[in-house]
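Summary of the model geometry
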Amino acid sequence: MIASLLSGVGAAANAGLNSTLALLVLALADRLTTRIDLASPYSWISSTAGIIVILLLLPIELGADKLPGIDAMSDRIHTVIRPLVGGFMAMALASAHRPDGIHVWIAGLLGFLVAAGVHWYKMRSRPVVTSATNGMGNPFLSITEDMAAILGTAVPIFVPYAAVPVVAVLLWLTYRLSERMKRGGFRIESLLGMKPRT
């Protein structure tokens, strides 16, 4: 039960960064490996139709997150979506270990709250990064978040007991990059010969 909660909540945190990417990692892990076997109704995401839907949605979230201004609008739209995906992922992973029991609902609530917290920080910090870097930092930060979402979702699935430290480190590194860009983001502009906003 502890492993399933760690796995579910650890993976759910990354839905707060990029819900579609995190969901795709979970779907592919179920479809292509024997490490997890998602129970019904969660297993629909690893069906052919489920993976096609995720792949169709993926470029929208990936692309919008890298464009200044549009990323803020995308974050507002995802305010409901990312926590719900986090809760779904936590429930799916918890049920893969033991389909019945209250722990599935506890995992879902924790996954929802953790994904909501990660999303809230991302949504609050991105406009500051945009302003501090004239939008030049957005793609770099977004790509870092994407890599964190992939690795941070895969590790809890395959090594549940490593979920908490690995996800914590990945989120901390993303946080540090975001904070650094807020304070010293003009370095990107100076490399490109642009004047910072005053």
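Starting afresh in each chain, residues are numbered from 1 along the sequence in its written order. Residue-level local features of this predicted model are given only where pLDDT is at least 70; pairs of side-chain atoms are given and counted only at 80 or more, and the full residue set underlies all totals for whole chains, interfaces and linings. Side-chain calculation: all heavy atoms of the structure are included, whereas hydrogens and water are not.

Under the scheme used here, helices are H or I runs from DSSP no shorter than 4 residues and strands are E runs no shorter than 2 residues, and both carry numbers assigned from the N terminus. What the chain contains, in helices and strands, is eight helices and zero strands. For the chain, the succession of helices and strands along the chain, N to C, is α-α-α-α-α-α-α-α. The burial tally for the chain puts 49% of its 198 residues in the buried class. The Shrake-Rupley method, run with a 1.4 Å probe, gives the accessible areas here. Residue values count only the displayed protein chains as cover. Summed over its atoms, the accessible surface of the chain is roughly 9,600 Å², and 74% of this surface lies on carbon and sulfur atoms. Think of it in three bands: residues with accessible area under 20% of the maximum for their type are buried, residues over 50% are exposed, and the middle band is partly exposed, with areas taken using a 1.4 Å probe on protein chains only.

Moving on, we come to the packing of aromatic side chains. Aromatic ring pairs are reported here in terms of the distance separating the ring centres and the angle at which the planes meet. Stacked, tilted and edge-to-face are the three classes assigned to paired rings of Phe, Tyr and Trp, where Trp is represented by its six-membered ring and a pair needs centres within 6.5 Å; plane angles under 30 degrees give stacked, over 60 edge-to-face, the rest tilted. Inspection of the entire model under this criterion finds two aromatic pairs. Members of the aromatic cluster, connected to one another through ring pairs, are Tyr42, Trp44 and Phe88.

The grouping of Leu67, Ile70, Met73, Ile77, Val80, Ile81, Leu84, Leu109, Phe112 and Leu113 at the surface amounts to a nonpolar patch, some 910 Å² of accessible area in total. Of all the secondary structure elements, the ones that give two or more residues to the nonpolar patch are helix H4 (70–97) and helix H5 (102–133). No other element matches H4, which puts six residues into the nonpolar patch. Mapped onto the secondary structure, Val80 falls in helix H4. Look at Val80 and you get exposed, because its relative accessible area is 54%. In this analysis, a patch consists of residues with relative accessible area above 30% that form no salt bridge, clustered at 9 Å for like charges and at 5 Å for the nonpolar side chains Val, Leu, Ile, Met, Phe, Trp and Tyr. Salt bridges are counted wherever a side-chain nitrogen of Lys or Arg sits within 4 Å of a carboxyl oxygen of Asp or Glu.

Leu26, Ile36, Leu38, Ile45, Met89 and Ile157 are the most contacted members of the largest nonpolar core, which has 37 residues in total. If you list the elements that add at least two residues to this core, you get helix H1 (2–15), helix H2 (19–32), helix H3 (48–64), H4, H5, helix H6 (137–158) and helix H7 (163–184). Leave out the neighbours within four places in its chain, and Ile157 touches Ser7, Val25, Leu26, Ala29, Arg35, Ile36 and Leu93. What we call a nonpolar core is a set of buried Ala, Val, Leu, Ile, Met, Phe, Trp, Tyr and Cys residues that are connected through their side-chain atoms within 4.5 Å. Throughout, a residue-residue contact means that at least one pair of heavy atoms, one from each residue, lies within 4.5 Å.

Lines are fitted to the C-alpha atoms to define the axes, a helix being fitted only along its stretch in contact, and any angle between axes, read from their N-to-C directions, falls within 0 to 180 degrees. Look at H1 against H6: their axes get within 8 Å of each other, and the N-to-C directions meet at 175°. Between H1 and H6, the interaxial angle falls into the category roughly antiparallel. Where H1 approaches H6, its residues Leu6, Ser7, Gly10, Ala11 and Asn14 are matched on the opposing element by Ala148, Ala149, Gly152, Thr153, Pro156 and Ile157. Charged residues are taken to be Asp, Glu, Lys and Arg, nonpolar residues to be Ala, Val, Leu, Ile, Met, Phe, Trp, Tyr, Cys and Pro, and polar residues to be all remaining types, Gly included. In terms of residue class, the contact of H1 with H6 is built from six nonpolar, five polar and no charged. With respect to orientation, any angle under 35 degrees is reported as roughly parallel, any angle over 145 as roughly antiparallel, any angle of 65 to 115 as roughly perpendicular, and every other angle as oblique.

Now for the packing of H2 against H6. One way to put it is that H2 packs onto H6 with a least axis distance of 9 Å and a crossing angle of 35°. Handedness of the H2/H6 crossing: right-handed. Of H6, the residues touching H2 (which contributes Leu21, Ala22, Val25, Leu26 and Ala29) are Asp146, Ala149, Ile150, Thr153, Ala154, Ile157 and Phe158. Within the contact of H2 with H6, the residues separate by chemical class into 10 nonpolar, one polar and one charged. Put simply, a crossing is left-handed when the front helix is turned counterclockwise from the back one by less than a right angle, and right-handed when it is turned clockwise.

Among the secondary structure elements, Val25 is positioned in helix H2. Looking at Val25, the relative accessible area reads 15%, which means it is buried. Sequence separation of Val25 and Gly152 is 127 residues, and the distance between their C-alpha atoms is 9.8 Å.

What follows deals with H2. The span you would expect from a helix comes to 1.5 Å times its residue count less one. In this model H2 runs 20 Å from its N-terminal to its C-terminal C-alpha over 14 residues, within 8% of the 20 Å that 1.5 Å per residue would give. For H2, the tally of buried residues reaches 11 of 14 residues, placing the bulk of the element in the interior. Restricting attention to buried positions, one finds in H2 the residues Ser19, Thr20, Leu21, Ala22, Leu23, Leu24, Val25, Leu26, Ala27, Ala29 and Asp30. We define a polar contact as two N or O atoms separated by no more than 3.5 Å, with the added condition that, inside protein, one atom must be a possible hydrogen donor and the other a possible acceptor, whereas residues neighbouring each other in sequence contribute only through side-chain atom pairs. Near the N-terminus of H2, the side chain that reaches the backbone nitrogen of Thr20, with its oxygen 3.3 Å away, is that of Asn18.

Below, the discussion takes up the confidence of the model for the chain. Across the chain, each position has a pLDDT score giving the predictor's confidence in that residue, from 0 to 100. Overall, the predicted model of the chain reaches an average pLDDT of 83, with 88% of residues at or above 70. When pLDDT is averaged over each helix and strand of the chain, the minimum, 49, is found for helix H8 (residues 186–191) and the maximum, 95, for H3.

Time to look at the environment of Ala39. Residue position: Ala39 is located in the loop between H2 and H3. Assessed through its relative accessible area of 19%, Ala39 is described here as buried. Remark: the alpha-carbon pair of Ala39 and Met91, spanning 52 residues in sequence, is separated by 10.0 Å.

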